Amino acid sequence: MSRKIIPNLWFDGQAEDAASYYVSVFESGRILNTTRYTHADPDASKAERAMQAMFSMKKLDIAALQAAADGAPSEAM
């Protein structure tokens with residue numbers, strides 16, 4: 001069974017914009033999917049914002065993750 005490593009980029013409020021920018025730079029770039037917060041999220045200000053955007057550039061899949069405003073990367077990541 002073959003598995004691949006997918007790099008994750010951490011953004012504070014700009015994950016979807018960053019993914020769109022990166023795919024615009026490369027001819028072969030494309031957005032694979034976008035996962036959005038729902039209206040059921042306790043923080044209503046997040047509704048419809050991107051939680052994660054998966055994109056591909058030059059055959060490399062990359063995940064752009066939306067960071068919590070008060071969250072910080074830790075060793076667990």
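Please read all numbers here as calculations on a predicted model, not as lab measurements.

What counts, and at which threshold
Residues numbered from 1 in each chain as written. Predicted model: local features only at pLDDT ≥ 70, side-chain atom pairs only at ≥ 80, totals over all residues. Heavy atoms only, no water. Salt bridge = Lys/Arg side-chain N within 4 Å of Asp/Glu carboxyl O. Helix = DSSP H or I, 4+ residues; strand = E, 2+ residues; numbered from the N terminus. Buried < 20%, exposed > 50% of the residue type's maximum accessible area, 1.4 Å probe, protein only. Pairing = 2+ DSSP bridges. Axes fitted to C-alpha atoms, helices over the stretch in contact; angles between N-to-C directions. Contact = heavy atoms within 4.5 Å. Arc of directions from axis to C-beta. Core = buried A, V, L, I, M, F, W, Y, C linked by side-chain atoms within 4.5 Å.

K.L.:
Summarise the pattern of salt bridges; cite the residues concerned and give the values.
P.N.:
Evaluation of the coordinates by the stated rule reveals 2 salt bridges. D61 is the partner of K4 in a salt bridge, and the nearest nitrogen-oxygen pair spans 2.7 Å. Of the two residues, K4 is situated in the segment before β1 (8-11) and D61 in strand β4 (residues 60-66); the sequence distance between them amounts to 57 residues. When its relative accessible area of 18% is taken as the criterion, D61 is described as buried.

K.L.:
Requested: an account of the sheet that holds β4, with residues and values cited.
P.N.:
The sheet built from 4 strands is open, its strands ordered β1-β4-β3-β2 with mixed pairing. Of all the strands in the sheet, the pair left with one neighbour each is β1 and β2 (30-36). Averaged over neighbouring strand pairs, the angle between their axes works out to 20° when direction is ignored. Bridge count for β2 against strand β3 (residues 50-57) is 6 bridges, and the pairing is antiparallel. Note on β3: the bridge partner recorded for T35 is Q52. Most of the contacts of helix α1 (residues 15-25) go to β3, to which it runs at about 10°, and overall it touches β1, β2, β3 and β4.

K.L.:
Tell me what's going on with α1, and back it up with residues and numbers.
P.N.:
Residues of α1 that are buried: A15, A18, A19 and V23. In a view along the axis of α1, the buried residues occupy a sector of 125°, so they form one face of it. Seen from the buried face of α1, the exposed residues on the opposite side, beyond 90 degrees, are D17, Y21 and S24. Among the structural elements, β1, β2, β3 and β4 are those in contact with the buried residues of α1.

K.L.:
So what's going on with the nonpolar core? Residues and values would help.
P.N.:
Membership of the largest hydrophobic core is limited to 10 residues, which are F11, A15, A18, A19, V23, A53, F55, M57, I62 and A64. Put simply, the parts of the chain that give this core at least two residues each are α1, β3 and β4. If you tally residues by element for this core, the top one is α1, at 4 residues.

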